[in-house]
Amino acid sequence: MKKTLALFLLMLALPAFAHPGHDSNPLQDGLLHPLTGLDHLLMLLGTGVLAALTGRSLTLPLATLAAMFGGAVCGHLFGDMLGMETLIALSLLVAAGAVLLPSRQLLLAMAMPVFALFHGWAHGVEATPSAFWQFSAGFVAVSGLLLAAGFAVGCLLRRHSGLQKAFGGGLLAGAALVLAG
C-alpha cells in the first residue's frame, strides 16, 4: 500500500526542480546547491550506494559526475529542455528501484549517468551565465563528495539486506516528497 501511494504521488506531481538566482555568490551557491536540492541529493547518494552494491568500483560515480558536468555545459549552452523535470524524477525512481530490486541492480545502476546528464543540465540552465564556471566548480565538488558518501554508505549496506531495503524505501519516499511539492 505504501509503495502504491508513493508511486501515485510520483506520477501525480511534476514540480520545477530549478533553483534559480545563483548570481550573488556563485561558488557558494554551487557548493550548497546539491545539498539544498533534495532531488540532486537523493540521486547522488543513491548512485554512490549503487556503485558500492554493484561493483565496489568508483567507475559509476566518476561517470555520473562527468555526465552531470557535461549536462551542465549543455544546459549552459543550449538552455532549458522539454521534459527535463520528468527525467530527473524518473532518475529517483530508477535509483530506488535499483536498490529495492537486487536482480536488476547492475542494469539500473548503469542508467544513472544518463540521468545525471539531465540533473547537470538543470544546473547549467539555472546558473547565471556570467558565473557558470564558478557555480559549476562548487556543484561538481560537492556532488563528488555526496557520491563518495553514498559509496561509503553502500559499503556498509552490502552486509545488511534489511538496511538496503530500508534505504531503497527511503529513496522512494524521498522521491515522492520531492514530487509532491
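Quick note: structure is the one above.
Described below are features of the structure shown in this document. For clarity, every value in this text was computed on a predicted model and none was experimentally measured.

Once that is clear, we can look at the overall build of the protein chain. For the protein chain, the count of helices and strands is 9 helices and 0 strands. Going from the N terminus to the C terminus, the protein chain shows its helices and strands as α-α-α-α-α-α-α-α-α. Split into buried and exposed, the 181 residues of the protein chain put 46% on the buried side. In the protein chain, the share of contacts with a sequence separation of at least 24, taken over all contacts with a separation of at least 6, comes to 84%. Total accessible area computed for the protein chain in this model is approximately 8,700 Å², and 72% of it derives from carbon and sulfur atoms.

The biggest cluster of nonpolar side chains holds 37 residues, and the ones touching the most others in it are Met43, Leu44, Leu50, Met68, Leu92, Met112 and Leu171. At the level of secondary structure, the elements contributing two or more residues to this core comprise helix H3 (38–54), helix H4 (59–78), helix H5 (84–100), helix H7 (112–126), helix H8 (132–157) and helix H9 (161–180). A per-element tally of this core places H3 first, with 9 residues. Leucine 92 has contacts with Asp39, Leu42, Met43, Ala175 and Val178, leaving out every residue within four places of it along the chain. With 5 residues, the next largest nonpolar core counts Met84, Ile88, Trp121 and Ala122 among its residues.

For any two helices packed against each other, one specifies the crossing angle of their axes together with the interaxial distance. Where H3 contacts H5, the axes come no closer than 9 Å and their chain directions differ by 30 degrees. Along this stretch, H3 crosses H5, giving a crossing that reads as left-handed. Taking contact as the criterion, the partners of Asp39, Leu42, Met43, Val49 and Leu50 in H3 are, on H5, Ile88, Ser91, Leu92, Ala95, Ala98 and Val99. Looking at the contact of H3 with H5, its residues break down into 9 nonpolar, 1 polar and 1 charged.

Applying the stated criterion across every chain yields a total of 3 aromatic pairs. Consider the rings of phenylalanine 69 and tryptophan 133, whose centres lie 6.1 Å apart with planes at 50 degrees: the pair is tilted. In this pair, phenylalanine 69 is assigned in helix H4 and tryptophan 133 in helix H8, connecting sequence segments 64 residues apart. Owing to a relative accessible area of 31%, phenylalanine 69 belongs among the partly exposed residues under this scheme. Residue classification places tryptophan 133 among the exposed residues on the basis of a relative accessible area of 56%. Aromatic pair phenylalanine 135 and phenylalanine 139: ring centres 5.9 Å apart, planes at 50 degrees, arrangement tilted.

Parameters at a glance
Residue positions are given per chain, counting from 1 as you read along its sequence in written order. The model is predicted, so local features are restricted to residues of pLDDT at least 70 and side-chain atom pairs to those at 80 or more, both for listing and for counting; the totals for chains, interfaces and linings are taken over all residues. To get the side-chain values, take all heavy atoms of the structure and skip hydrogens and water. Only runs of H or I of at least four residues qualify as helices and only runs of E of at least two qualify as strands under DSSP, and these elements are numbered from the N terminus. Exposure classes here rest on a 1.4 Å probe applied to the protein chains alone. A residue is buried below 20% of its type maximum, exposed above 50%, and partly exposed in between. Residues are treated as being in contact if the distance between any of their heavy atoms lies within 4.5 Å. Here the open area of atoms and residues is found with the Shrake-Rupley method and a 1.4 Å probe, where only the protein chains shown may cover a residue. As used in this record, nonpolar core signifies buried Ala, Val, Leu, Ile, Met, Phe, Trp, Tyr and Cys residues forming a set joined through side-chain atoms within 4.5 Å. Axes here refer to lines fitted to C-alpha atoms; in helices the fit is confined to the stretch in contact. Angles between the N-to-C directions go from 0 to 180 degrees. With the far helix as reference, a near helix turned anticlockwise by less than a right angle produces a left-handed crossing, and one turned clockwise produces a right-handed crossing. Ten residue types, Ala, Val, Leu, Ile, Met, Phe, Trp, Tyr, Cys and Pro, are classed as nonpolar, four, Asp, Glu, Lys and Arg, as charged, and the remainder, Gly among them, as polar. Only Phe, Tyr and Trp rings are paired, with Trp represented by its six-membered ring, and only when their centres lie within 6.5 Å; those with planes under 30 degrees apart are stacked, over 60 edge-to-face, the remainder tilted.

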